[in-house]
Structures are given as structure tokens and as C-alpha cells.
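Structural overview for review
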Amino acid sequence: MKLWNKGFEPDKLIEDFTVGADRELDLRLARYDVEGSMAHIRMLESIGLIESSELPLLLAALERIAATIERGEFTIEEGVEDVHSQVELMLTRELGDMGKKIHSGRSRNDQVLVDLKLFMRDELRSLSEHIVTLFNRLQSLSDKHKDTLMPGYTHLQVAMPSSFGLWFGAYAESLVDDMEMVAAAYNIANQNPLGSAAGYGSSFPLDREMTTSLLGFATLNYNVVAAQMSRGKTERAAAYAIASVASTLGKFAMDVCLFMCQNFGFISFPDNLTTGSSIMPHKKNPDVFEIMRGKCNRLQAVPNEISLLTTNLPLGYHRDLQLLKDIIFPATTTLCQCLDMCDFMLQHIIIKENIVQGEQYNYLFTVEDVNRLTLAGVPFREAYKEVGMAVQRGEYTPTREVNHTHIGSIGNLCNDKIAEKMNKVVKKFGF
Ligand code: ARG
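Described in the following lines is the structure provided in the data block. Since this is a predicted model, take the numbers as computed values, not measurements. (Residues numbered from 1 in each chain as written. Predicted model: local features only at pLDDT ≥ 70, side-chain atom pairs only at ≥ 80, totals over all residues. Heavy atoms only, no water.)

Every residue near the ligand is listed here: Asp-22, Asp-82, Arg-108, Asn-109, Val-112, Arg-231, Tyr-317, Gln-322 and Lys-325. One nitrogen or oxygen atom from the side chain of Arg-231 is found 3.0 Å from an oxygen atom belonging to the ligand. Here Lys-325 contributes a side-chain N or O atom positioned 3.0 Å from an oxygen atom of the ligand. Protein contact buries 86% of the 340 Å² of open area that the ligand shows by itself. Sort the elements by how many residues they give to the shell around the ligand and helix H7 (residues 108-144) lands first, with three residues. The class makeup of the residues in the shell around the ligand is two nonpolar, two polar and five charged. (Near = heavy atom within 4 Å. Polar contact = N/O pair within 3.5 Å; in protein donor to acceptor, adjacent residues only side chain to side chain. Areas by Shrake-Rupley, 256 points an atom, 1.4 Å probe, with all protein chains shown as cover. Helix = DSSP H or I, 4+ residues; strand = E, 2+ residues; numbered from the N terminus. Nonpolar A, V, L, I, M, F, W, Y, C, P; charged D, E, K, R; others polar.)

What follows is about the pattern of salt bridges. Side-chain pairs of opposite charge can arise whenever the charged atoms involved come near each other. Under the criterion given, the structure shown has 21 salt bridges. A salt bridge links Lys-101 to Glu-54; its shortest N-O distance comes to 3.0 Å. Pair noted here: Lys-101 is in the loop between helix H6 (97-100) and H7 and Glu-54 is in helix H4 (residues 54-70), with a separation of 47 residues, a long-range link. Look at Glu-54 and you get buried, because its relative accessible area is 12%. Members of the salt-bridge network, linked through shared partners, are Lys-12, Asp-16 and Glu-78. (Salt bridge = Lys/Arg side-chain N within 4 Å of Asp/Glu carboxyl O. Buried < 20%, exposed > 50% of the residue type's maximum accessible area, 1.4 Å probe, protein only.)

Attention shifts here to the packing of H7 against helix H8 (residues 164-189). Contact pair H7 / H8: the axes reach a minimum separation of 9 Å and the direction vectors enclose 165°. With respect to each other, H7 and H8 are oriented roughly antiparallel. Seen from above, H7 lies across H8 with left-handed handedness. Looking at the contact of H7 with H8 residue by residue, the classes come out as 21 nonpolar, five polar and three charged. (Axes fitted to C-alpha atoms, helices over the stretch in contact; angles between N-to-C directions. Parallel < 35°, antiparallel > 145°, perpendicular 65-115°, else oblique. Left-handed = near helix turned anticlockwise from the far one by under 90°.)

Take the nonpolar core next. Ranked by internal contacts, the top residues of the largest apolar core, which has 115 residues, are Trp-167, Phe-168 and Ile-267. Tallying contributions element by element places helix H10 (residues 224-260) first for this core, with 14 residues. Residues within four places of Trp-167 in sequence aside, it is in contact with Met-150, Phe-252, Asp-255, Val-256, Phe-259, Ile-267 and Ile-349. (Core = buried A, V, L, I, M, F, W, Y, C linked by side-chain atoms within 4.5 Å. Contact = heavy atoms within 4.5 Å.)

Phi at Asn-312 is positive, roughly 75°, even though this residue is not glycine. One can find Asn-312 in the loop between helix H12 (302-310) and helix H13 (324-346). For Asn-354, which is not glycine, the phi torsion reads 55° and is therefore positive. Assignment of secondary structure puts Asn-354 in the loop between strand E6 (350-351) and helix H14 (366-375).

Quick look at the environment of Pro-270 now. For Pro-270, the position within the fold is in the loop between strand E5 (267-268) and helix H11 (287-299). The sequence separation of Pro-270 and Thr-332 amounts to 62 residues, and the corresponding C-alpha distance is 29 Å. Sequence-distant contacts of Pro-270, defined by excluding residues within four places in its chain, comprise His-348 and Ile-350.

In an α-helix there are 3.6 residues to a turn, and that puts residues three or four apart on one side. The end-to-end C-alpha distance of helix H16 (residues 415-427), which contains 13 residues, comes to 19 Å, matching closely the 18 Å that a straight helix rising 1.5 Å per residue would cover. Listing the buried residues of H16 in full gives Asn-415, Ile-418, Met-422 and Val-425. All buried residues of H16 lie within an arc of 75° about the axis, which places them on one face of the element. For H16, the exposed residues set more than 90 degrees away from the buried face come down to Asp-416, Lys-417, Glu-420, Lys-424 and Lys-427. Residues of H16 that are buried sit in contact with H7 and H8. (Expected span 1.5 Å × (residues − 1). Arc of directions from axis to C-beta.)

Below is the structure:
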């Protein structure tokens, strides 16, 4: 069934090529398509395009479709192009001409737009919840291990004392910035495009404020052309947010791989959470974090993919936009899986104590000793030279005392302040 049937069937080759993966991908939009249709027909009834007697019948039929979707039994039939056509087909099969009325004042262009906005809103909300879970995990690990020192590196060379408190806490705070991007993407998605129809509005007196409030959108994409142009733009904003989270998580995964390496040996995981080698019997590999790193690195290409897909498209609908779904749908899912997996692994992380007592980390403490001399009255440059010369002569022995107290340092992590920052950002979602 084609909604645009004009008495001929398109070539099967053409149909397969243009429908692409939609029959499967659109399943994720099904519940939103029904939700959007419910709002649309309530509105149509309010402006007299659907009879008051018809509305409850249509709503009940849509409820039944929603239940099929909930049960996981909804499919898009062979020969049906997309979810929008499938829902309309089911309504028409059940209610005849009444079902055929619901598309008044609507196009699949604004229908898919509204589906996507509702979908993206939910995906970004769920993403924000996954981020908060990992954030809390990192913060609690930071508190728990705040007194355990680890070497800090610059240029991958031993530099200054750091701590597990700093390490975990740093990634928690980094997620706050990512959350700002997620909140921005959420707010961009949280606008009603319905009523823009094919992209130029309708001669029916559509009540767009009514559908906005029925669908719980914060506001509308007012200008109908802007509404249509938000296809791609919404996805791009989400992609930037996804890429931002992915870059934090990918970096953390890299740290974990490095710190698990025997030459570092700062952390480990229970045997059953590591993976082996088919030839080297001793291996306990960090494959989880390698896959996580790889997935997160790929996710950082998503904004680029979207940009390339949409660059040079002039205003108005183009079928190219359909391909956005192929890019953005798996991206949010993959990122949430990675966040989940990271949180799971961190529940089992084993931290090595007394790392910095090792001889190889002697030079970690040079700055501490320079500062100690400086506090005792030696000008900083003199103190630096004194310690530097001792290192040069091979006579440097560290005191190994670490006393950092300023804001954000080893001894004053300010995790409570960071939690406050996160709470403030979460409020921007206005759930
Ligand atoms: N599958 C289409 C998409 O995602 C639905 C909209 C089709 N609109 C059209 N004018 N052909 O874009």
C-alpha cells in the first residue's frame, strides 16, 4: 500500500532501494507515531475536521495499535513503505473511511519529524540517566579512594603525584560538560514541528498550540520552514552531545587499558571480567575497554556523518533525510551500552595501594621537595636548582610527603561542588 497511490505500482527495485532499512528502523518510531497521531486527531476534532463521534473510535483503534507495539507484535508489512503508512493502513482496515481522514493537514514530512523529536527527546533523557549513573559511580570511587596516590604523567613521563580520587573525580566532572551538550540537544529536540505538514503549512486552521501541549513539548518550531529545517539539525545537535560523551568515555577507556598494562599495574579486574588469548596462556586482556574505546571513537564520527549527509541540502524536505535514522538510531543505543558497561566494570575495579612507594616513581616528588624548600625560605628558582642538581648527580631521595590543599587538588577534591554543578545542569532538562 502506498499512501501516494495514483493507480500504478512502482518498480520493486525502486521501492526496495528507496525504502532501505526503514521497515526495521521505523519500528523504533512506532509508539511515537501513534502518540503524534492521537494528538493530531484530537486537534482535528477541535477544528471540526473529524466528527466528535468519530474521535473516540479513532483513539480506541490507535490505543489498540499502541498495545500491539508495547507487546512487540507490531510489524511493517511487506509492500508498506514506512511506519506512517502502516499505522494509517491499520486504521483504515479497521475503520474504513474514518481512518482515511486522519491525514488531513498533515504530511509524512512533519509526521516523521514529530516522531523523531519525541524519539530523540526520550533517547536523550535516557542518555542523561545513564550519564548520571556513571557520574555517581565515579564520584563515589573518587571519595572512596581519595587517599590512594598514583603517579601523574605529562608526556607519558613521570610528573607529579596524582590520586585515584583525582582520576575518578576528573571524569565525573568532565561528564558535567558533556551533560550541558546533552541538555542543549534535548531542548533543541523538545519543540513541536507538527502542523508544518510538507514543510509549508496548511490551509486548514490547525491548532498547533494544542498539539504542542498534548505532546508535552516545551515550545514549537513556529516557522513551518524552520520546522522542516530542524530535520537533521536536531540529529546533529544530538550527535555533538553523543560525541562529547563518547570522547570522555573513550579517553577513560584508554586510561583503563594503560593502567591495566603490567608496566603500570595500577588497576585490575576479577578474572571473569577479562578475556584470554588463544595462544598465550597467561593473558587477561582488557577487551571490554578496548571495544568501548573503539565504539566511542567511532561515535565521534557521527556529527561528521550527519554534516556530510545534510551539507548543501537546500531548505525543504529531501529523501536524503531518511538516512539520518541509519546514523543516529544506533548511535544513542551504542553509547548507552558503553556507559552501562563502564558502570558495571567499575563496580568491580581493583585498585592497587602503595603504588608511589616504588623506586621508579622517585621523581614524582621533586616538585613537592622544591616547594618544601621554598616554604622554608629558599627562593623558588634556587630551590628548583638545588633539587635539579641532586637529581642530576643521582643523589635525589624523595621525602614522599604530599600535602595539597587548594581547591580541586588531591587533598581537596570538591566532589560536592561538582555534584552541585551536575544537579544544576540536570535541571536544565526541565523533566
Ligand atoms: N521515510 C521517510 C523519511 O524518513 C518518511 C517521509 C517520506 N516523505 C516523503 N515525502 N517521501 O523521511
